Amino acid sequence: MNCSVVKIDIEELNSTHILSQTRYWAKLKKKQGYQPSTFNVNVSKKLVYTSNNTGSLNEEMVVLLKRIDNNFCFAYVPYGPKIEPDFENQGVLLEEFSEALRPFLPRNCVFIRFDLIWENQWAKEDDFFDHEGNWLGPPSKKVQELRVNFSTKNWNLKKSSVDLLPKNTFFVNLKKSEQELLHDMRYNTRYSIRKAEKNGIRVAEYGLDFIDQWFKLYDDTAIRKRMPRQSVEYFKNVLIHQDKNKNGVKVKMLMADHDGDFLASMFLVLSSKRAVYLYGASSSHKKDLMASYALQWEAIKIAKKSNCTEYDMFGCAPNLKKNHPLHGVHLYKKGFGGKLFHRMGCWDYPLLQREYSLISI
């Protein structure tokens, strides 16, 4: 076999920079109604590389089961597989993964959804950029499916109609010195950081006893930006269930205040060598004090001190087009000097064809 799967205990998972493939994330999602399962996967290099393909690779995988209704469920692989194959082998690897996982899934599991962390194939092609350097996104769903299914046995991979985790993000290289990081930022971003410092903005880490202050800022932001809202209990779980092991996931709730008035806050998550800006919130007043810039700069410095080598800003628009709902978020995050990265997004492997054709989630 080119791919074999063995079920393992969740506590056997090793640390990884991919947050959603950690035991912390699996336990957090369990609180949201998912049923986590964890596996060890052995993959022949023939499935991964077009050359230098002797031997095999091992990886651990978190799979989350979620009910669709009383009769059916689906399996979700958040930012997995972690092994990234050559473009030509992506579909073949996903097919082999899916068939190897099938015996471990309930008979009423309609499909497997892979939320792929791999770089988008079309982000490397000049034809998919406009004259201003904006990435225009991948081609039609049909064209994507034709390419990804090439060389597969079943031609069964479908581009999902939705993407669950952020598909576009900025990565900041934390191997650089603080001076280099500041130099790489846009002038307006550096200016805003210094202005916040002159204005007396103070950033500190807070614990669970300040969760209500966090949630007030979060609720204000969610209503203002018309975002789907989580409950305060969810954010309590984000803090409470962090992994206390030496190499486990660490969560820091950072808040920026001015004379005791909280103006911005965020959850900074440290997972192996990667820091993630998981959730952010800001007040609708005193925006001229630039608290969110001081907050972000402090998060970057904390991540560096924690030996992280990269900072995932976790979600933005795919380009600078002004009509995108995340245009403002994109401009703000771009200012910190990171490199824009486009992922492949969600892909489905139907296990029950008839049922899959009747649902849309």
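Residues numbered from 1 in each chain as written. Predicted model: local features only at pLDDT ≥ 70, side-chain atom pairs only at ≥ 80, totals over all residues. Heavy atoms only, no water.

Following both chains from N to C, one finds helix H1 (residues 23–30) and helix H7 (residues 232–240) inclined at 155°, their axes separated by 10 Å at the closest point. With respect to each other, H1 and H7 are oriented roughly antiparallel. Note on packing geometry: the crossing formed by H1 with H7 is right-handed. Contacts between H1 and H7 pair Tyr24, Leu28 and Lys29 from the former with Tyr234, Asn237 and Val238 from the latter. Class assignment of the residues belonging to the contact of H1 with H7 gives a composition of 4 nonpolar, 1 polar and 1 charged. (Axes fitted to C-alpha atoms, helices over the stretch in contact; angles between N-to-C directions. Helix = DSSP H or I, 4+ residues; strand = E, 2+ residues; numbered from the N terminus. Parallel < 35°, antiparallel > 145°, perpendicular 65-115°, else oblique. Left-handed = near helix turned anticlockwise from the far one by under 90°. Contact = heavy atoms within 4.5 Å. Nonpolar A, V, L, I, M, F, W, Y, C, P; charged D, E, K, R; others polar.)

A few words now on unusual backbone geometry. Cis geometry marks the peptide bond from Gly80 to Pro81; its omega dihedral reads 0°. If you trace the backbone, Pro81 turns up in the loop between strand E4 (73–78) and helix H2 (90–101).

In terms of nonpolar packing, the biggest core is built from 79 residues, with Val43, Ile112, Trp214, Phe235, Phe267 and Leu278 touching the most fellow members. With 8 residues, strand E5 (residues 109–119) is the largest single contributor of residues to this core. Not counting the four nearest positions on each side in its chain, Phe235 is found in contact with Ile211, Trp214, Phe215, Tyr218, Gln230, Phe267 and Tyr279. Formed by 33 residues, the second largest nonpolar core is a distinct cluster that contains Leu174, Ile201, Leu263 and Ala291. (Core = buried A, V, L, I, M, F, W, Y, C linked by side-chain atoms within 4.5 Å. Buried < 20%, exposed > 50% of the residue type's maximum accessible area, 1.4 Å probe, protein only.)

The tally for this structure, following the rule as stated, stands at 22 aromatic pairs. Considering the side-chain rings of Tyr293 and Phe336, the 5.9 Å spacing of their centres and the 25° angle between planes classify their relative orientation as stacked. Taken together, the residues span a long stretch of sequence, with Tyr293 in helix H8 (residues 291–305) and Phe336 in the loop between helix H9 (327–334) and strand E13 (339–350) at a distance of 43 residues. Owing to a relative accessible area of 18%, Tyr293 belongs among the buried residues under this scheme. Using a relative accessible area of 1% as the deciding quantity, one classes Phe336 as buried. (Phe/Tyr/Trp six-rings, centres within 6.5 Å; stacked < 30°, edge-to-face > 60°.)

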